[in-house]
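Here is how the chains run, residue by residue.
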Amino acid sequence: KESGTILSLIDTNNVLFNKLITVLAFDCFEIGRFCRQALKRFYPHLVTFGLSPGPEEILLEGEPQKTFGQSLLLFYDLSEFLSRLRAIISNLVRQIEAIYPGDTRNRIYASFSNVHLQTVVLTLADGFGILLTIDEIVGQNSAIGHAMSLFIRMIQIIKNDPSKFEVEVEHVDSL
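Residues numbered from 1 in each chain as written. Predicted model: local features only at pLDDT ≥ 70, side-chain atom pairs only at ≥ 80, totals over all residues. Heavy atoms only, no water.

**Student:** Help me out: how do you make sense of the overall build of the protein in this one?
**Tutor:** Each helix and strand counted, the protein has seven helices and zero strands in total. Going residue by residue from the N terminus, the α and β elements of the protein occur as α-α-α-α-α-α-α. Within the protein, buried positions represent 30% of all 175 residues. Partitioning the contacts of the protein with sequence separation of at least 6, the portion at a separation of at least 24 is 74%. Entry remark: accessible area of the protein is about 12000 Å², with carbon and sulfur atoms responsible for 58%. (Helix = DSSP H or I, 4+ residues; strand = E, 2+ residues; numbered from the N terminus. Buried < 20%, exposed > 50% of the residue type's maximum accessible area, 1.4 Å probe, protein only. Contact = heavy atoms within 4.5 Å. Areas by Shrake-Rupley, 256 points an atom, 1.4 Å probe, with all protein chains shown as cover.)

Here it is as structure tokens:
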């Protein structure tokens, strides 16, 4: 079995080509990694957030806030995940734009204009698919928005009178 790195596979005399293909390969690899991470870590938790074990079960007062508080790390990680994914997608779009610019006078990669980058475009679609799927899951799961608004309201109440709840303002501010 042969093994090697992407960089070892991209070794031509054309420095521009090497640079472009290296960046495209990295972006495609990263978006693939993000797809796997979204499927494994985020989609299942977001879809099931707020589901009760039984249809007759009524949530007690404070349960949505508690559930959201216990999921803060998930939502923080999701925010970081989305920021990084947007940065990678933006970079990939800039690379594609460099190959196929609207203004044909500034074509750095003019020799690549007839190259069809099917894998790159499909990977870009996968990246947009992640964003759309997360947006749709969060939009359809009303428990997320409801629990978040109750949690924020609870934090505001605690901030207004921290001594009543025996907490320090600094700890509440960090949330």
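**Student:** Please clarify how the environment of Val121 should be interpreted in this entry.
**Tutor:** Take Val121: it is sitting in helix H5 (residues 118-140). Using a relative accessible area of 49% as the deciding quantity, one classes Val121 as partly exposed. Note: C-alpha distance between Val121 and Cys28 (93 residues apart in sequence) is 9.3 Å.

**Student:** Hey, could you run me through the side chain of Gln95 in this one?
**Tutor:** Mapping Gln95 onto the fold places it in helix H4 (residues 72-99). When its relative accessible area of 15% is taken as the criterion, Gln95 is described as buried. Other than its neighbours up to four places away in sequence, Gln95 contacts Leu20, Val23, Leu24 and Asp27.

**Student:** Would you mind going over the nonpolar core with me for this structure?
**Tutor:** Generally speaking, nonpolar side chains in soluble globular proteins are found buried as a group. In terms of nonpolar packing, the biggest core is built from 34 residues, with Leu46, Leu78, Phe81, Ile130 and Ile134 touching the most fellow members. Only helix H2 (15-48), H4, H5 and helix H6 (142-160) provide two or more residues apiece to this core. Considering each element in turn, this core owes the most residues, eleven residues, to H4. If we skip the residues at most four places from it in the chain, Ile134 touches Tyr43, Leu46, Leu78, Phe81 and Leu82. (Core = buried A, V, L, I, M, F, W, Y, C linked by side-chain atoms within 4.5 Å.)

**Student:** Please explain the packing of aromatic side chains as it appears in this structure.
**Tutor:** On inspection of all chains with the given rule, the structure shows six aromatic pairs. Here the aromatic rings of Phe34 and Phe81 are separated by 4.9 Å at their centres, their planes lie at 40°, and the arrangement is tilted. Placement of Phe34 in helix H2 and of Phe81 in helix H4 is noted, with a sequence separation of 47 residues between them. A single burial state applies to Phe34 and to Phe81, both of which are buried. Ring centres of Phe68 and Phe151 lie 5.3 Å apart, and the angle between their planes is 50°; on these two criteria the pair is classed as tilted. Taken together, the positions of Phe68 in helix H3 (residues 63-70) and Phe151 in helix H6 put the pair 83 residues apart, joining distant regions of the chain. Neither Phe68 nor Phe151 differs from the other in exposure class; each is buried. Among the aromatic residues, those joined into a ring-pair cluster are Phe49, Phe68, Phe75 and Phe151. (Phe/Tyr/Trp six-rings, centres within 6.5 Å; stacked < 30°, edge-to-face > 60°.)

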